[in-house]
Amino acid sequence: MTDKQIEIILNLVADKFAACKDMESVDKAVKEVKEMARKEKVEN
């Protein structure tokens, strides 16, 4: 993985958490990020 790819992924995750206003939305964001990671592994 290149530095640019890592930077893009970290920015996506940071943006997802920046939108969270409470712990419930943080929990939902964590689940969504984990689901994205699972889909990526299945596709590769």
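Up top is the structure.
Residues numbered from 1 in each chain as written. Predicted model: local features only at pLDDT ≥ 70, side-chain atom pairs only at ≥ 80, totals over all residues. Heavy atoms only, no water.

Caption draft 1: How the structure looks around the overall build of the protein chain. What the protein chain contains, in helices and strands, is two helices and zero strands. A burial count over the protein chain gives 5% of its 44 residues as buried. When the accessible surface of the protein chain is summed, it comes to about 4,100 Å², and 59% of that surface belongs to carbon and sulfur atoms. (Helix = DSSP H or I, 4+ residues; strand = E, 2+ residues; numbered from the N terminus. Buried < 20%, exposed > 50% of the residue type's maximum accessible area, 1.4 Å probe, protein only. Areas by Shrake-Rupley, 256 points an atom, 1.4 Å probe, with all protein chains shown as cover.)

Caption draft 2: Spotlight on a nonpolar patch on the surface. Residues Met1, Ile6, Ile9 and Leu10 make up a contiguous nonpolar surface patch of roughly 430 Å² in combined accessible area. Residue placement: Leu10 occurs in helix H1 (residues 3-18). (Patch = residues over 30% accessible without salt bridge, like charges linked within 9 Å, V, L, I, M, F, W, Y side chains within 5 Å. Salt bridge = Lys/Arg side-chain N within 4 Å of Asp/Glu carboxyl O.)

Caption draft 3: How the structure looks around the pattern of salt bridges. In this structure the tally under the stated criterion is three salt bridges. The closest approach of N and O atoms between Asp27 and Lys31, which form a salt bridge, is 3.4 Å. In this pair, Asp27 and Lys31 are both assigned in helix H2 (residues 23-43), four residues apart and thus about one turn of the helix distant. Accessibility expressed as a relative area gives 41% for Asp27, which makes it partly exposed. Salt-bridge contacts for Glu35 lead to Arg38; the nearest nitrogen and oxygen are separated by 3.2 Å.

Caption draft 4: Broad picture of the environment of Arg38. By the secondary structure assignment, Arg38 is in helix H2. In this structure the C-alpha to C-alpha distance between Arg38 and Asp22, which are 16 residues apart in sequence, comes to 25 Å. Here Glu35 takes part through its side chain, which lies 3.2 Å from a polar atom of the side chain of Arg38. (Polar contact = N/O pair within 3.5 Å; in protein donor to acceptor, adjacent residues only side chain to side chain.)

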